[in-house]
Amino acid sequence: MTEPLKILYVTSEAAPLVKTGGLADVSYALPRALRAMGHDCRVAMPAYGIIPESSWGEQVAPCTAHMDVTLHGAIRRSVLPGADVPLYLLEHNAYFGRTHPYGDYGHEYPDSLERFCFFCLALLDGVPRTGWVPDIVHCHDWHTAAIPAFIKTRCIDHPVWANKPTIFTIHNMAYQGRYSSTLMPKTGLGWELFTPRYLEYYGDINLMKAGLIFASKINTVSVTYSKEIQTDVAGHGLDGVLRTRTKDIVGIANGVDTATWNPAIDKRIPANFHSTDTSGKKVCKAELQKTLELPVTDAPVFGMVTRLVWDKGIDLLLSCLDDLLRRNVQLVVLGSGDDVFENALKQAEARFPGKMRVQLGYDETLAHQIYAGSDFYLMPSRTEPCGLSQMYAMLYGSIPVVHRTGGLADTVFDASTANVAGNKATGFVFASWSERAFQNMIARALKLYEEPEKLAALRRAAMSQDFSWERSANEYVNLFREAIAQP
Ligand code: ADP
Ligand code: GLC
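What counts and what doesn't
- Residues numbered from 1 in each chain as written.
- Chains lettered and ligands numbered in written order.
- Predicted model: local features only at pLDDT ≥ 70, side-chain atom pairs only at ≥ 80, totals over all residues.
- Heavy atoms only, no water.
- Helix = DSSP H or I, 4+ residues; strand = E, 2+ residues; numbered from the N terminus.
- Buried < 20%, exposed > 50% of the residue type's maximum accessible area, 1.4 Å probe, protein only.
- Contact = heavy atoms within 4.5 Å.
- Areas by Shrake-Rupley, 256 points an atom, 1.4 Å probe, with all protein chains shown as cover.
- Lys, Arg positive; Asp, Glu negative; His and termini not counted.
- Charge placed at Lys NZ, Arg CZ, Asp CG, Glu CD.
- Domains from an automatic or database assignment.
- Buried area = accessible area lost by both parts, 1.4 Å probe.
- Salt bridge = Lys/Arg side-chain N within 4 Å of Asp/Glu carboxyl O.
- Polar contact = N/O pair within 3.5 Å; in protein donor to acceptor, adjacent residues only side chain to side chain.
- Nonpolar A, V, L, I, M, F, W, Y, C, P; charged D, E, K, R; others polar.
- Near = heavy atom within 4 Å.
- Pairing = 2+ DSSP bridges.
- Axes fitted to C-alpha atoms, helices over the stretch in contact; angles between N-to-C directions.
- Phe/Tyr/Trp six-rings, centres within 6.5 Å; stacked < 30°, edge-to-face > 60°.
- Lys NZ or Arg CZ within 6 Å of the ring centre and 35° of its normal.

J.: Explain the overall build of the protein to me, please; I cannot follow it from the model alone.
T.: Helix and strand content of the protein: 17 helices and 20 strands. When the backbone C-alpha atoms are referred to their principal axes, the protein occupies close to 70 × 50 × 45 Å. Here the protein holds 487 residues, and 59% of them are scored as buried. Within the protein, counting contacts between residues at least 6 apart in sequence, those at least 24 apart form 71% of the total. When the accessible surface of the protein is summed, it comes to about 19,400 Å², and 51% of that surface belongs to carbon and sulfur atoms. Computed over 47 positive and 52 negative side-chain charges, the inter-centroid distance for the protein is 4 Å.

Shown next, in the form of structure tokens:
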């Protein structure tokens, strides 16, 4: 029998404490799935000021990081609420005692680079002081990318970290942690690393590049995206670096935490339902319409819950809005992000009273209600590393209309004649990212809405998809073991 592993899972956000996107959901569900398999997975993240004090736990170790100056913090030991996953919170009030993990009013905090490099180095100092030593460190996105670099440089003689295997998981190539080279002393990494071979990127520091170069193994969150990022389609300028590591890169699809995202037991929605009895979904639709002050009618409701950013294809939605809303439909959008998209959506809402509702901000409960109450779910992302929203939508019986990219291509099966005949169809998938293709797909969705039996069959198929974490968690364990064998 193989030994259970000790895994330090390092992240900048984890649900339900701190969430700005899918990374938080993954950082709740994957550690939970790994623990259910018998592995000792522990999550580490900064002790942000927005985390309720009741979740901070006891201080268990001091920690020190020698950056350009010497900084002190502490490790608190807590638990991820609802998940039974041990949680290390790195406390440093000046860096993390703020209202948001990354920035206020849409602007990144100016000291992001030093905050997250400090987080990484202080954690490496503090975790061994708690008396627990992991077999592997699992890092997520650029905020934690300095860890593999510290381990392979500053820690080469460290009693705990020398030769420690690391995994770097890419959740999104669009966010790389790119900063001016003048900030190099703030990283805690030596100037000798500021070369094209390591951190230097067109004259700047690129922290994700450090993660990609120094990690033992790399993965991203779907198989299709793992291939796309090695081309200029989605490499965001680092495809060349990725190609140098191609044999160490795999795609492992995200799953869904089915205890949180399950319409049969979800307490956030007004009525529960499941694939063989969707009558509760009608109640959810009517309640959603009432909550958002839309007329309670049978018109098909299209939903979106999303960060309002370029990658999500919000501009494509905007350019297709008139075509969509001149029909007998309703559209509900919950999101926050770039001012230009927030303003344009609000203006469109004013142009289409009684047909469109835009709720700006972040609202976990309304998100569940939109998945449950909508008939269709729009996701015209330019690129999408995996995407969780389309999976939540399917499980809640909202048929996704998506661009064929990244994880959307891997998780949604188009209602083509062959797929429908084979009972495999779960949504509508358009291949070219264009107004025409998106509009055609919406037209197909609306046609289906006129055929209740076909709609019900597609909904049943979508709701019956198995997105549970078990298979992916197993793939992570295999990757961890490979990295341990060859750090
Ligand atoms: P990404 O991580 O790129 O934003 P995902 O589809 O992987 O995309 O995950 C998005 C997650 O964030 C989902 O859980 C979605 O419901 C949630 N979400 C996005 N925007 C909001 C919002 N404004 N309010 C509530 N939940 C949101
Ligand atoms: C990123 C990606 C999204 C993915 C999520 C979790 O935010 O944009 O596609 O599902 O990470 O891995």
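J.: Before we go on, may I ask you to explain the domain arrangement of the protein in this structure?
T.: Reports of interface size often rely on the accessible area that becomes lost once the parts have come together. Structurally, the protein comprises domain 1 (6-255 + 469-485) and domain 2 (279-463). Of note, the centres of domain 1 and domain 2, computed from C-alpha atoms alone, are 32 Å apart. Counting residues at the interface gives 19 residues for domain 1, matched by 17 residues for domain 2. Where domain 1 abuts domain 2, roughly 1,300 Å² becomes buried across the two surfaces, and 51% of that area is made up of carbon and sulfur atoms. Where domain 1 meets domain 2, there are one salt bridge. At the boundary of domain 1 with domain 2, the tally comes to eight residue pairs in polar contact (both at pLDDT 80 or more). Within the residue set of the side of domain 1 that touches domain 2, elements represented by two or more residues are α1 (22-36) and α6 (223-228). In terms of residue count, the dominant contributor to the side of domain 1 that touches domain 2 is α6 (four residues). Tallied by class, residues from the side of domain 1 that touches domain 2 come to eight nonpolar, eight polar and three charged.

J.: Hey, could you run me through the site of ligand 2 in this one?
T.: Lining the immediate surroundings of ligand 2 are 13 residues, of which H171, N254, E384, C386 and G387 lie closest. Between ligand 2 and the protein, one listed contact pairs an oxygen atom with a side-chain N or O atom of H171 at 2.6 Å. N254 is positioned with one of its side-chain polar atoms (N or O) 2.8 Å from an oxygen atom of ligand 2. When the free accessible area of ligand 2 is taken as 310 Å², the share hidden by the protein chains comes to 93%.

J.: It is not clear to me how helix α5 (residues 207-214) should be interpreted in this structure. Could you clarify?
T.: The periodicity of an α-helix, 3.6 residues per turn, causes residues three or four positions apart to be oriented the same way. Burial of α5 is extensive: seven of the eight residues sit out of reach of the surface. For α5, the N-terminal cap is N206; the gap from its side-chain oxygen to the backbone nitrogen of M208 is 3.1 Å.

J.: What should I look at first to understand the sheet that holds strand β12 (residues 204-206) in this one?
T.: Each strand in a sheet pairs with its neighbour through backbone hydrogen bonds, running either in the same direction (parallel) or in the opposite one (antiparallel). The strand order across the open sheet formed by three strands is β10-β12-β11, and the pairing between neighbours is antiparallel. Of all strands in the sheet, those with a lone pairing partner are β10 (178-180) and β11 (200-201), marking the two edges. Seen against the sheet, α5 touches β11 and β12 and runs at an angle of roughly 50 degrees to β12.

J.: Before we go on, may I ask you to explain the packing of aromatic side chains in this structure?
T.: Two aromatic rings are characterised by how far apart their centres lie and by the angle between their planes. Evaluated as defined, the whole model comprises 23 aromatic pairs. Judged by centre distance (6.4 Å) and plane angle (80 degrees), the rings of F96 and F119 are edge-to-face. A residue pair is termed long-range when its members are at least 10 positions apart, and F96 in helix α2 (residues 93-96) and F119 in helix α3 (residues 112-129) qualify at 23 residues. For the pair formed by F96 and F119, the shared burial category is buried. The structure contains a cluster of three or more aromatic residues connected by ring pairs, namely Y48, Y95, F96, Y102, F116, F118, F119, W142 and Y179. One Lys or Arg, R98, reaches over the ring of Y109 and ends 4.7 Å from the middle of that ring.

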